[in-house]
Amino acid sequence: MAPPAPATVDELGLQGCLYLWALLTGQQRRLPIAPTKRMTLVILALLQDQGVIEVPWPEMRWEIKPDAQITPIEGLQWRLAWTVYEPGRLLEALDDYFDTLEQTDFTIAVGLRLWSDLAPAEAEHYFEQQLVKHRFAADWAQDLAFAYREGPGAQLNIAQWRYCAWAAVRRGASVAMQNGLQADGLRDSIYQELKRRAASVASGVWSNCSFAPTNPLPENALGRALVHHASGLGAFYWTSRPCEEILLCHA
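One structure accompanies this document, and this report is about it. None of these values were measured; they are calculated from a predicted model.

**What about the overall build of the protein?**
Piece 1. Looking only at helices and strands, the protein features 10 helices and 3 strands.
Piece 2. Each helix and strand of the protein, placed in order from N terminus to C terminus, yields the pattern α-α-β-β-β-α-α-α-α-α-α-α-α.
Piece 3. The contacts of the protein with a sequence gap of at least 6 include a subset with a gap of at least 24, amounting to 70%.
Piece 4. When the accessible surface of the protein is summed, it comes to about 13000 Å², and 50% of that surface belongs to carbon and sulfur atoms.

Listed below in structure tokens is the structure:
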């Protein structure tokens, strides 16, 4: 039997409030909920487990559900199941909760966990953009998660991983023009280059290898939730590796 839904936003907790804020804000402002669809599914699953929303899973979609919402970028259906707050005032209630939140070891820990989850997802999203730009398969982008886990991971910041993704795809495009490898060979060539670049940047062999976006504001709602409500990171979101010290300095 599912646990009862939270009675207040305070009971929902910081992580749940950040996830719900991201969902509602992404829906309202036509933003991706998270950097990757996979991460968006995690958000929806957690909010469903807490009794805040309903989703049609295991079905892909509801045939008839008049109050169903569809995330504007990912195209995922959901409906608000939480009746504690009026739907039109829920974002206001979340903002009030964030405004009264005090910095504690717990809030810093939640912010660090969220930043650590967002970092590889942001890098994967950029990797996918570069792959599509060079007419490679978008689903090859999931290889970055393997490179992140098996390589230097959080030793690099998001901007450095973006550089590695850019360089790896450029290498793949060059190999394709010179040798005309089949898809499997090209994918592995890009993956190996991604790991090689990451290892070299992490070891200090190559310095100043980072691609931070011109606009420091994340493109997705969950990244904005972290920057607006769980930290004051600003551009450090991209240019610092996820760590407690930076969060403490910009809380």
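**Some words on the nonpolar core**
Piece 1. Judged by nonpolar contacts, the single largest core of 78 residues is most densely connected at L20, I53, L94, F127, W161, L222 and Y237.
Piece 2. Residue contacts for L222: discarding those within four places in its chain leaves L18, Y19, A22, I33, A34, M39, I43, L114 and L118.

**Considering the environment of I53**
Piece 1. Here I53 shows up in strand 1 (residues 53-54).
Piece 2. By relative accessible area, I53 is classed as buried at 2%.
Piece 3. In sequence terms I53 and P72 are 19 residues apart; their C-alpha atoms lie 17 Å from each other.
Piece 4. In this structure I53 touches L23, L44, L47, Q48, W78, R79, L80 and A81, once residues within four positions along its chain are discounted.

**Focus: unusual backbone geometry**
Piece 1. Looking along the chain, the bond that leaves W57 and enters P58 is cis, with omega of 10 degrees.
Piece 2. Non-glycine residue R135 carries a positive phi angle of around 65 degrees.
Piece 3. In this structure, R135 sits in the loop between helix 4 (105-133) and helix 5 (143-150).

**A short note on helix 2 (residues 37-49)**
Piece 1. Given a rise of 1.5 Å per residue, 13 residues ought to cover 18 Å, and the 18 Å separating the end C-alpha atoms of helix 2 matches this to within 8%.
Piece 2. All of the buried residues in helix 2 are M39, T40, I43, L44 and L47. Relative to the axis of helix 2, the buried residues are bounded by an arc of 145 degrees and lie together on one face.
Piece 3. Just beyond helix 2, the residue with positive phi is G51, at close to 75 degrees.

**Re the pairing of strand 3 (residues 77-80)**
Piece 1. Residues Q77 and R79 point to one face of strand 3 and W78 and L80 to the other, with burial holding for every one of them.
Piece 2. The pairing of strand 2 (residues 69-70) with strand 3 spans 2 bridges and is antiparallel. By the bridge assignment for strand 3, Q69 is matched with W78.
Piece 3. The turn joining strand 2 and strand 3, which pair antiparallel and follow one another in sequence, is formed by 6 residues; a positive phi near 70 degrees is taken by G75.

**Here we look at the side chain of R162**
Piece 1. Following the sequence through the fold, R162 ends up in helix 6 (residues 158-179).
Piece 2. In this structure the side chain of R162 is engaged in a polar contact, spanning 2.6 Å, whose partner is the backbone oxygen of F211.
Piece 3. When near neighbours in sequence (up to four residues on either side) are disregarded, R162 contacts Y126, F211, A212, P213 and W238.

**A few points about the packing of aromatic side chains**
Piece 1. If you walk through the whole model with that rule in mind, you get 8 aromatic pairs.
Piece 2. Taking the centre distance of 5.3 Å and the plane angle of 65 degrees together, the rings of W82 and Y85 count as edge-to-face.
Piece 3. When its relative accessible area of 4% is taken as the criterion, W82 is described as buried.
Piece 4. Centre to centre, the rings of Y148 and W161 are 5.3 Å apart; their planes meet at 35 degrees, and the pair counts as tilted. Here Y148, found in helix 5, pairs with W161, found in helix 6; they are 13 residues apart in sequence, far enough to count as distant. As far as burial versus exposure is concerned, Y148 and W161 are alike and both buried.
Piece 5. An aromatic cluster is built from Y163, W166 and F211, whose rings are joined through pairwise contacts.
Piece 6. When the ring centre of W62 is taken as origin, the NZ or CZ atom of K65, which lies over that ring, is 5.1 Å away.
Piece 7. When the ring centre of W238 is taken as reference, the NZ or CZ atom of R162 above it lies at 5.5 Å.

Rules used throughout
- Residues numbered from 1 in each chain as written.
- Predicted model: local features only at pLDDT ≥ 70, side-chain atom pairs only at ≥ 80, totals over all residues.
- Heavy atoms only, no water.
- Helix = DSSP H or I, 4+ residues; strand = E, 2+ residues; numbered from the N terminus.
- Contact = heavy atoms within 4.5 Å.
- Areas by Shrake-Rupley, 256 points an atom, 1.4 Å probe, with all protein chains shown as cover.
- Core = buried A, V, L, I, M, F, W, Y, C linked by side-chain atoms within 4.5 Å.
- Buried < 20%, exposed > 50% of the residue type's maximum accessible area, 1.4 Å probe, protein only.
- Expected span 1.5 Å × (residues − 1).
- Arc of directions from axis to C-beta.
- Pairing = 2+ DSSP bridges.
- Polar contact = N/O pair within 3.5 Å; in protein donor to acceptor, adjacent residues only side chain to side chain.
- Phe/Tyr/Trp six-rings, centres within 6.5 Å; stacked < 30°, edge-to-face > 60°.
- Lys NZ or Arg CZ within 6 Å of the ring centre and 35° of its normal.

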